[in-house]
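Examination of the molecular architecture
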Amino acid sequence: MPFMKKPQCHRLRTGRISEPNQLYLLSTVCNNREPLFSDITLGRIVVRSLRHHHEHGYVSSLTFVVMPDHLHWLVRLSPGIVLPHLMKSVKSYTARETNQRCNTQRKRIWQPGFHDHALRHEEEVLHTARYIVANPLRARLVRRLGDYPLWDAVWL
């Protein structure tokens, strides 16, 4: 019988702190790494959710990229907002809207949990933003970043 690893999503919550005005790189993955957001109309549902959270003051969104099977989002967290509630809101909205668009019910869109990394130094910000927006290039989805439709950055 092959060795089976137990899911480790509970470890993602260990030591998690939500600091107001802290910069966080947030990442989450589609259920079973399904390339759901290869469909641009579904990817735009995620973009709408991220922009909604920015426009309503939950975060200051610095950059994001919606990849076919995962999301990277660099944010400055607003006071009173906690990371688990923020990500639950993004995931529930995108799941509901995606299921409605695909005419399915209760289909799991995202894997449980998410990864967060607090940036410690301001000089990490530009490096992290470049890492995020270069994802489609590294994945060879496009030759030029401008050809990929599901990303944005405040520096543009």
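What this report covers is the structure whose coordinates are included nearby. (Residues numbered from 1 in each chain as written. Predicted model: local features only at pLDDT ≥ 70, side-chain atom pairs only at ≥ 80, totals over all residues. Heavy atoms only, no water.)

Considering the overall build of the protein
The line we're drawing: A run of H or I in DSSP counts as a helix once it spans at least four residues, and a run of E counts as a strand once it spans at least two, with each numbered from the N terminus. Relative accessible area decides the class of each residue, using a 1.4 Å probe on protein chains only: under 20% of the type maximum gives buried, over 50% gives exposed, and in between gives partly exposed. Here a residue-residue contact requires only that any non-hydrogen atoms of the pair lie within 4.5 Å. Each accessible area is a Shrake-Rupley result for a 1.4 Å probe, and residues are judged covered by the shown protein chains and nothing else.
Across its full length, the protein holds four helices and five strands. For the protein, the N- to C-terminal ordering of α and β elements is β-α-β-β-α-β-α-α-β. Expressed as a percentage of the 156 residues in the protein, the buried residues total 42%. Considering only intrachain contacts with a sequence separation of at least 6, the fraction spanning at least 24 residues in the protein is 71%. Of the accessible surface of the protein, which amounts to about 9800 Å², a share of 52% is contributed by carbon and sulfur atoms.

Considerations on the sheet that holds strand β3 (residues 70-77)
Let me state the cut-off plainly: When DSSP finds two or more bridges between a pair of strands, those strands are recorded as paired. Only the stretch in contact is used when fitting a helix axis, every axis being a line fitted to C-alpha atoms; angles between N-to-C directions are given from 0 to 180 degrees.
If you walk across this open sheet you meet the five strands as β4-β1-β3-β2-β5, and the pairing is antiparallel. Either end of the sheet is taken by a strand with one partner, and the two such strands are β4 (115-118) and β5 (151-153). In this sheet, neighbouring strand axes are inclined to one another by 20 degrees on average, regardless of whether the strands run parallel or antiparallel. As paired elements, strand β2 (residues 59-66) and β5 share three bridges and run antiparallel to each other. Looking across to β5, one finds that Phe64 is bridged to Asp152. With respect to the sheet, helix α2 (residues 83-102) is in contact with β1 (23-29), β2, β3 and β4, its orientation differing from that of β1 by roughly 45 degrees. Contacts between helix α3 (residues 123-133) and the sheet are confined to β1, β2, β3, β4 and β5, with β3 contributing the most and set at about 155 degrees to the helix.

A look at the side chain of Thr128
Tracing the chain through its elements places Thr128 in helix α3. Its relative accessible area of 10% is what places Thr128 among the buried residues. Residue contacts for Thr128: discarding those within four places in its chain leaves Leu25, Leu74 and Leu119.

Description of the pattern of salt bridges
A side chain of one charge can pair with a side chain of the opposite charge if their charged atoms are brought near each other. Stated formally: Just to be clear on terms, a salt bridge is a Lys or Arg side-chain nitrogen sitting within 4 Å of an Asp or Glu carboxyl oxygen.
Counting across every chain of the model gives four salt bridges. Between Asp69 and Arg33 there is a salt bridge, with the nearest N and O atoms lying 3.1 Å from each other. Of this pair, Asp69 sits in the loop between β2 and β3 while Arg33 sits in the loop between β1 and α1 (40-55); the two residues are 36 residues apart in sequence, bridging distant segments of the chain. Between Asp152 and Arg51 there is a salt bridge, with the nearest N and O atoms lying 3.1 Å from each other. Here Arg51 lies in helix α1 and Asp152 lies in strand β5, a separation of 101 residues in the sequence. The exposure class assigned to Asp152 is partly exposed, which follows from its relative accessible area of 26%.

A closer look at the nonpolar core
Formally: Think of a nonpolar core as a cluster: buried Ala, Val, Leu, Ile, Met, Phe, Trp, Tyr and Cys residues, connected wherever their side-chain atoms sit within 4.5 Å.
Ranked by internal contacts, the top residues of the largest apolar core, which has 43 residues, are Leu26, Phe37, Val66 and Trp73. Elements with a contribution of two residues or more to this core: β1, α1, β2, β3, α2, α3 and β5. Apart from residues lying up to four places away in sequence, Val66 is in contact with Phe37, Gly43, Val46, Val47, Leu71, Tyr148 and Leu150.

Some thoughts on α2
One turn of an α-helix holds 3.6 residues; hence residues three or four places apart share an orientation. Counted only if it meets this: Between the first and last residue of a helix there are one fewer steps than residues, each counted as 1.5 Å, and that sum is the expected span.
The terminal C-alpha atoms of α2 lie 28 Å apart, and with 20 residues this matches the ideal 28 Å at 1.5 Å per residue to within 8%. Among all positions in α2, only Leu83, Leu86, Met87, Val90, Lys91, Thr94, Ala95, Thr98 and Asn99 are buried. Considering only its buried residues, α2 is in contact with β1, α1, β2, β3 and β4.

Topic: the environment of Pro20
The topology assignment puts Pro20 in the segment before β1. Considered as a pair, Pro20 and Ile81 are 61 residues apart in the sequence and their alpha carbons are 7.3 Å apart. Dropping the residues within four chain positions of it, Pro20 is found in contact with Leu77, Ser78 and Pro79.

Taken by themselves, the reported measurements are silent on function.
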